[in-house]
Amino acid sequence: MRNLPIYGRKETATRQGPIIGIDLGTTNSLVAFFRDNQPFIIPDRQGHQLTPSVVSIDEDGHILVGHEARNRLETHPEDTVFSIKRFMGRGVRDLAQMASLVPFNFNTDENDIVRINLKGKFYSAPELSARILAHLKKQAEDYLGEPVSSAVITVPAYFNDSQRQATKDAGMLAGLDVRRVLNEPTAASLAYGLQEKREGLVAVYDLGGGTFDFSLLRLYEGIFQVLATHGDTHLGGDDFDQAVIHQVLAEMNLPEESRQDPGLLQGLRLACESMKTQLTDAEQAVLAFRHPAGCYERMWTRAEFEALIQPLVNRTLDSCRSALQDAGVEAGAVDEVVLVGGSTRVPLVRQEVERLFGRSPHCENNPDEVVALGAAVQANILSGSSRDMLLLDVTPLSLGIETYGGVIARIIPRNTTIPTSATEMFTTYVDGQTGVDIHVLQGERELASDCRSLARFQLKGIPPLPAGMPKIAVTFMLDADGILRVEARDERSGKEQFIEVRPSYGLTDSEIEQMLKESFEHGGEDLELRLLVEVRVEAERVIRAADRALVDSAVLLEDGEEDTIRSAIDSLKEALQGADRNQILERQKWLDQVCLPFAERQMNAAVRSLIRGKGVDQAEATADKLRKL
């Protein structure tokens, strides 16, 4: 049995206090609430709606969050952390490509998750993110005048299971019951009121401070379904700034040790942010900042800036094309294009998106706020004040298990709507086998060795039956937050085992991209290898069955027949030493042919054994059953 999806579920709940919506962003975070039939952003006491996603520790050991922390970026860079979202669900081994972007001191144990050293104490990304979430929770409580214990938190659609789990952990540490981890593009669609459309295709282009997501959604009579998604968890406005920083450092011609000075880098980064913002509305802007060796100041044009970031923008367009290809949709068939994220204010981004889709994108709403507003709409659905609406997201990579021969059996294919459940039946390969290993995999390649290992567990206590007789049902259940539960059950004995996949850290950005890229580059080669493995496995099964029959039913052999069968077996074994799939198939077919008369005598003998001693009616009934088998 395969593909038993839970196509969707209406999100309802009894009223248990306010449920807030939170956009936990790379650069800034926001909190929103739904009241009087519309969502709104909750400001802090100073009237700020955006909360910088920055955490700092002052001289007294107090932890500062938001604007207070951001003000210390230049003066206390070694005690201040920004862009912590980039490290959610990551391991130390993932740091190679990211460490150069941030001036933090990390732990060095490759088996550990990423931890940042602040004043001699190491903090994980979920711990630091929890401080931001707690700050937003308090902000909401001050405004609403009542305690808040539940929230919907948004994540990039391309976040893998580890990154989603890290986000839920951060919420728990902040004292929040995370009712839903919601994909940011889906949240944005809710904020734009696209559910009011009867039907159509909507593309959501989400370029934030540190992540990029593209999602293609189908809207039909109140149902939101994500058809395909693609993205990059290491691409955003921070990378635009970094491109300018590299150019400025090259122009300044500073010694290498000066280029690593945290204060200089932070001051330059803030100056680049300011220039980027000015170039949104102006054709030129001054980039100026002071540093230990003096002062850098010069006029930058929008054309110069755009030339630096063009390769980065092109990467986002490549992701859009990949998702469209996955969904089998042409760019011109898209009805609506929505821009989300502060970095979509950059004129070049809007121009390139319009060129790709042939239509002007929606950008009438504040791109910084739409995700948080959508989270508030989802929170309202969960609170019981729901509109009649379904939200259907997808899983970005295929999930399955390793089977004999080292190939992957996909149980939940890539871009399957979640939440979902799917079951496949498997069996044993060796006679008398009393246990099986379940190796859970994620990826698009055909061989298990080329996919990512998620978990392993064993199902024990299977009755010792001949190979192929046991029926083992393996069920994958993927919930709305992308958390996977795998169950294995022996149908005969009722023995079962399960595991909830919660890895300590997830895929790197390059691994996600590479897994998809390699699945296309090596598609033909992988398929040929898989077919060869499957042919070998089947040939080995036929050889074992023939060997067993020659021993168990030797009395039924005719003169010279055993030598003929043995010769065909040896010929097939010889073919198995090579990699010629057609030769293996031909020799297996020959073995089947020479065994056919012998097999027919075995069947006749079995029939006579079954009906011996029975009455005529019973014998005819038994023969009839055998004919139907």
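Scroll up for the structure.
Computed from a predicted structure; not experimentally measured.

Caption draft 1: Region of interest: the environment of tryptophan 300. Among the structural elements, tryptophan 300 can be located in strand β16 (residues 294-301). On a C-alpha basis, the gap between tryptophan 300 and leucine 279 in space is 8.7 Å, while along the polypeptide they are 21 residues apart. In this structure, tryptophan 300 is in contact with Val244, Gln247, Val248, Glu251, Met275, Leu279, Glu283, Gln284, Ala285, Leu287, Phe305 and Leu308, ignoring residues within four places of it in sequence. A distance of 3.3 Å separates polar atoms of two side chains, one belonging to tryptophan 300 and the other to tyrosine 296.

Caption draft 2: Broad picture of the sheet that holds strand β6 (residues 63-65). Reading across the sheet, the three strands line up as β6-β5-β7 and stay open at both edges, with antiparallel pairing between neighbours. Among the strands making up the open sheet, the edge pair consists of β6 and β7 (80-82). Neighbour to neighbour, the strand axes of the sheet diverge by 20° on average, direction disregarded. Pairing analysis gives three bridges linking strand β5 (residues 54-57) to β6, with the strands arranged antiparallel.

Caption draft 3: Inspection of the pairing of strand β10 (residues 150-155) at higher detail. Burial within β10 is extensive, with six of its six residues counted as buried. Burial along β10 is two-sided: Ser150, Val152 and Thr154 and Ala151, Ile153 and Val155, pointing in opposite directions, are all buried. Examined bridge by bridge, strand β1 (residues 19-23) and β10 share five bridges and lie parallel to one another. The residue bridging isoleucine 22 from the neighbouring strand is isoleucine 153, located in β10.

Caption draft 4: Structural view of the environment of aspartate 58. The residue aspartate 58 is located in the loop between β5 and β6 in this model. According to the relative accessible area criterion, aspartate 58 is buried, its value standing at 11%. When the C-alpha atoms of aspartate 58 and histidine 76 are compared, they prove to be 8.6 Å apart, with 18 residues separating the residues in sequence. Excluding anything up to four places from it in sequence, aspartate 58 contacts Leu64, Arg72 and Lys119.

Caption draft 5: Up close: the pattern of salt bridges. Across all of its chains, the model carries 27 salt bridges by this definition. Close ionic contact of aspartate 368 with arginine 345 constitutes a salt bridge, the shortest N to O distance being 2.6 Å. Taken together, the positions of aspartate 368 in the loop between α9 (347-357) and α10 (370-382) and arginine 345 in the loop between β17 (336-340) and α9 put the pair 23 residues apart, joining distant regions of the chain. By relative accessible area, aspartate 368 is classed as buried at 19%. Look at the salt bridges and you will find they share partners, linking Arg45, Lys138 and Asp142 into a network.

Caption draft 6: Region of interest: the packing of aromatic side chains. Applying the stated rule across the entire model yields six aromatic pairs. Note on phenylalanine 87 and phenylalanine 106: the rings are 5.4 Å apart at their centroids and 50° apart in plane angle, and the pair reads as tilted. On the criterion of sequence distance, the pair formed by phenylalanine 87 in the loop between β7 and β8 (115-118) and phenylalanine 106 in the loop between β7 and β8 is long-range, its members being 19 residues apart. Here the two residues phenylalanine 87 and phenylalanine 106 agree in accessibility, since each one is buried. Aromatic side chains phenylalanine 289 and tyrosine 296 sit 6.2 Å apart centroid to centroid with 40° between the ring planes, which places their arrangement in the tilted category. Note on phenylalanine 289: relative accessible area 7%, which makes it buried. Chaining the aromatic ring pairs together yields one cluster made of Phe33, Phe40 and Tyr143. Positioned over the ring face of phenylalanine 82 is arginine 269, at 3.9 Å from the centre of the ring. Sitting over the ring of phenylalanine 498, arginine 485 keeps its end group 3.7 Å from the ring centre.

Caption draft 7: Examining helix α3 (residues 161-173) more closely. Its 13 residues give α3 an end-to-end C-alpha distance of 18 Å, which sits within 8% of 18 Å, the value for a rise of 1.5 Å per residue. Among the residues of α3, those classed as buried are Asp161, Ser162, Gln163, Arg164, Gln165, Ala166, Thr167, Ala170 and Gly171. Where α3 is buried, its residues meet α2 (125-144), β10, β11 (177-183), β24 (452-460) and β27 (496-501). The first or second residue beyond α3 is glycine 175, which carries a positive phi of 85°.

Here is what the cut-offs are and how they apply
- Residues numbered from 1 in each chain as written.
- Predicted model: local features only at pLDDT ≥ 70, side-chain atom pairs only at ≥ 80, totals over all residues.
- Heavy atoms only, no water.
- Helix = DSSP H or I, 4+ residues; strand = E, 2+ residues; numbered from the N terminus.
- Contact = heavy atoms within 4.5 Å.
- Polar contact = N/O pair within 3.5 Å; in protein donor to acceptor, adjacent residues only side chain to side chain.
- Pairing = 2+ DSSP bridges.
- Axes fitted to C-alpha atoms, helices over the stretch in contact; angles between N-to-C directions.
- Buried < 20%, exposed > 50% of the residue type's maximum accessible area, 1.4 Å probe, protein only.
- Salt bridge = Lys/Arg side-chain N within 4 Å of Asp/Glu carboxyl O.
- Phe/Tyr/Trp six-rings, centres within 6.5 Å; stacked < 30°, edge-to-face > 60°.
- Lys NZ or Arg CZ within 6 Å of the ring centre and 35° of its normal.
- Expected span 1.5 Å × (residues − 1).

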